[in-house]
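# Working through the structure, step by step
If you want the building blocks of each chain, they are given just below.
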Amino acid sequence: MTAPATTAAPVPFDYACTVCGQPFPAVEFAAPGAICGCGAGRRTMELAAAVLHAHAHGIPATLLELAEDPAVPPPRVLDLTLDSALALTTPDRLVRGDPFGDGGPAAGDGTDAATNVIPVDLAALPAGDASLDLVLLRDVLFWVPDVPALFAEVARVLAYGGHAIFQESFAWQFPEATVEADPAAEPKRRPAGGTRKPERRVIGADVLDLMAAAGLDGVGYRPGLAVDPHYRDLLLVARRATRLS
Amino acid sequence: MNDLTAPVADDPAEPVDEAAALRLRAYAGQCEMCGAKGEFVGTSLGARESFPCPTCRATLRYREQAGAILTWFGRGRFSFFTRFVRFPECQNLTILEAAIRGPFTRYLKGHPGYVQSYLFDDVAAGDSRDGVVCQNLEAMTFADASFDLVITSDVMEHVADVEAVVAEVARVLKPGGAHVFSIPLTFPLREHSQARARLVAGEIEHLMEPRYHRSGTDTPSLVFTDFGRDLVDLHARHGLRATFHRSHPFVKRLVHSAAVIAVRP
Ligand SMILES: [Zn+2]
Ligand SMILES: [Zn+2]
């Protein structure tokens, strides 16, 4: 018997942060909490990838590149994710809001736009008509009382060609149809924004039809599709349809 | 800042030879084409022609195209193309692919709305050979708004009049349709696309050292254009919104690899 020919074993790539570009070991990508030295965790990096894809034609590879790209106008953002990524990279023209409270005071002392977080009612977003390029939301569609009303409100504040990004998590596969919870039953509660919100529904792809009815063209974007089959997030990217002349 | 954001060699002393740097480098993932999970390993062919799926052998650039198609047409419901193909989301599409081989020709064979085209020298425009219709992408014989999806793979850099092709693609796409294509790209993206050659009165005039790729019929095919970020403007002139669709935005060294999706609103 002859010994098998020796072949070099492949070496795994590092990963890189879509907020700041710094490398980190691939195995850490699945870890909860902060992964990168800049403070970004996996959900932040997925959100950042979606922002780059939607707002900047996928040209910059990181939010830092986006912030420094003179050809990309800084977006006017309403960030309701309670994630500080955009505060780090695109603090100009950024309003941060907390949609998870019950009307009580949110974090921040009102002096710093990047760190101040204002309480936000999803039924009445704090922005004028067609005044924003990006609205970022995380884990809201499973509990918000009225999904079509939220889409209508998001469509109202988005400029034509602007984007809303809904980052939603899933136990397994994104279903075809939304399943509403039994209103008579005691609701299951899921984490959202540091609170436990009642699960009013498990959303499906038909929410894209609700978006379309509100004038938002939606797609399901999974930035981690090719690297992590066990995704837990789907980013529903909705583009405010261009006004027809 | 560029030190942080540019692709960084793991060992800064390592010579920067992209193809050599990728050989035997790997990541664990799932194939956007066939769904196989496993280790995707670089060869010395550079990123795009490399990292074949361990099961279906689709290389990075084809898998990136599959990922872009799933994003635009899959409603978030499909993680690989060969599954998507079996569902109404795909079966109800009309699809034009300008190719005579490649993974999409294989997986879309028998699809009710699938049309394959190629520019044959000896077939009249609109006529077919072996089920493949002869089309010049600069002047197609299809009616306006005929297709939901147009697929081209490493074709756009070889057309002499790219403006005419984009105009034609925009014409034959239905509203909501998209052209998903692969082209060679180097990052950072150049500001302006660069013509390497042009046609003057039917004769090729070389503006740069001629570069050839292998065509679908294994003949050498001249590269006319090196594309830059003004690809977005080029498409906007014809009413299409173009986006670089990165399939591996987290994988260092593959961060910049992208398919292009141009959508007709
Ligand atoms: Zn980072
Ligand atoms: Zn495969």
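Structure: above.
What counts and how
- Residues numbered from 1 in each chain as written.
- Chains lettered and ligands numbered in written order.
- Predicted model: local features only at pLDDT ≥ 70, side-chain atom pairs only at ≥ 80, totals over all residues.
- Heavy atoms only, no water.
- Donors = N, O, S within 2.8 Å, 3.2 Å for Na, K, Ca; no water.
- Tetrahedral: all angles 85-135°; square planar, octahedral: opposite > 155°, others 65-115°.
- Contact = heavy atoms within 4.5 Å.
- Buried area = accessible area lost by both parts, 1.4 Å probe.
- Salt bridge = Lys/Arg side-chain N within 4 Å of Asp/Glu carboxyl O.
- Helix = DSSP H or I, 4+ residues; strand = E, 2+ residues; numbered from the N terminus.
- Nonpolar A, V, L, I, M, F, W, Y, C, P; charged D, E, K, R; others polar.
- Pairing = 2+ DSSP bridges.
- Buried < 20%, exposed > 50% of the residue type's maximum accessible area, 1.4 Å probe, protein only.

## Topic: the coordination of the zinc ion (ligand 2)
All names here are of chain B. With distances of 2.3 Å, the protein atoms coordinating the zinc ion (ligand 2) are Cys31 (SG), Cys34 (SG), Cys53 (SG) and Cys56 (SG). The coordination sphere of the zinc ion (ligand 2) comprises four donor atoms, whose angles at the metal cover 106 to 114°; the geometry is tetrahedral. Coordination of the zinc ion (ligand 2) draws on donor residues from a single chain, spaced C-x2-C-x18-C-x2-C in sequence.

## What about the interface of chain A and chain B?
Between chain A and chain B, the contact holds 54 residues from the first and 46 residues from the second. Here chain A meets chain B over a buried area of about 4,300 Å², counting both sides, of which 59% is carbon and sulfur. Applying the counting criterion to the chain A and chain B interface returns three salt bridges. Note that arginine 75 of chain B and aspartate 209 of chain A form a salt bridge whose closest N and O atoms lie 3.1 Å from each other. Broken down by secondary-structure element, the contributors of at least two residues to the side of chain A that touches chain B are strand S1 (11-12), strand S2 (15-16), helix H1 (42-55), helix H2 (63-68), helix H5 (207-213), strand S13 (216-221) and strand S14 (233-240) of chain A. The biggest single contributor to the side of chain A that touches chain B is H1 of chain A, with five residues. Residues belonging to the side of chain A that touches chain B are distributed by class as follows: 32 nonpolar, twelve polar and ten charged.

## Re the sheet that holds strand S3 (residues 95-98) of chain B
Residues and elements named next belong to chain B. Read from one edge to the other, the open sheet built from eight strands follows the order S5-S6-S4-S3-S7-S8-S16-S15, with strand pairing classed as mixed. Edge positions in the sheet fall to strand S5 (128-129) and strand S15 (241-246), since each of these pairs with one other strand and no more. As paired strands, strand S8 (residues 173-182) and strand S16 (residues 258-263) are joined by four bridges and run antiparallel to one another. Each residue of the ladder has a partner; that of histidine 179, found in S16, is alanine 262.

## Regarding unusual backbone geometry
Phenylalanine 187 of chain B connects to proline 188 of chain B through a cis peptide bond whose omega is 0°. Within the secondary structure layout, proline 188 of chain B lies in the loop between S8 and strand S9 (194-195). Even without a glycine there, the phi angle at aspartate 139 of chain A is positive, about 50°. For aspartate 139 of chain A, the position within the fold is in the loop between strand S7 (132-138) and helix H4 (147-157). A residue is classified by how much of its surface remains accessible, and aspartate 139 of chain A, at 6% relative accessible area, is buried. Of note in the backbone geometry, aspartate 154 of chain B takes a positive phi value of approximately 55° without being a glycine. When you line up the elements, aspartate 154 of chain B lands in the loop between strand S7 (147-153) and helix H7 (162-172). A relative accessible area of 13% means that aspartate 154 of chain B is categorised as buried.

## Some details on the coordination of the zinc ion (ligand 1)
All names here are of chain A. Taken together, Cys17 (SG), Cys20 (SG), Cys36 (SG) and Cys38 (SG) make up the full set of protein donors to the zinc ion (ligand 1), lying 2.3 to 2.4 Å away. Between the four donor atoms coordinating the zinc ion (ligand 1), the angles at the centre fall across 96 to 116°, so the site counts as tetrahedral. In the primary sequence, the donor residues of the zinc ion (ligand 1) line up as C-x2-C-x15-C-x1-C. Remark: cysteine 36 occurs in the loop between strand S3 (23-24) and H1 and cysteine 17 occurs in the loop between S2 and S3; sequence separation between them is 19 residues. Each member of the pair cysteine 17 and cysteine 36 is classed as buried.

## Description of the environment of alanine 152 of chain A
Mapped onto the elements, alanine 152 of chain A comes out in helix H4. Residues alanine 152 of chain A and valine 72 of chain A lie 80 residues apart in sequence; the distance between their C-alpha atoms is 27 Å.

## Some thoughts on the sheet that holds S1 of chain A
The sheet built from three strands is open, its strands ordered S1(A)-S1(B)-S2(B) with mixed pairing. Two strands in the sheet have a free side with no partner beyond their single neighbour: S1 of chain A together with strand S2 (37-41) of chain B. The pairing of S1 of chain A with strand S1 (residues 25-30) of chain B spans two bridges and is classified as parallel. Within the sheet, the bridge partner assigned to proline 12 of chain A lies in S1 of chain B and is alanine 26 of chain B.

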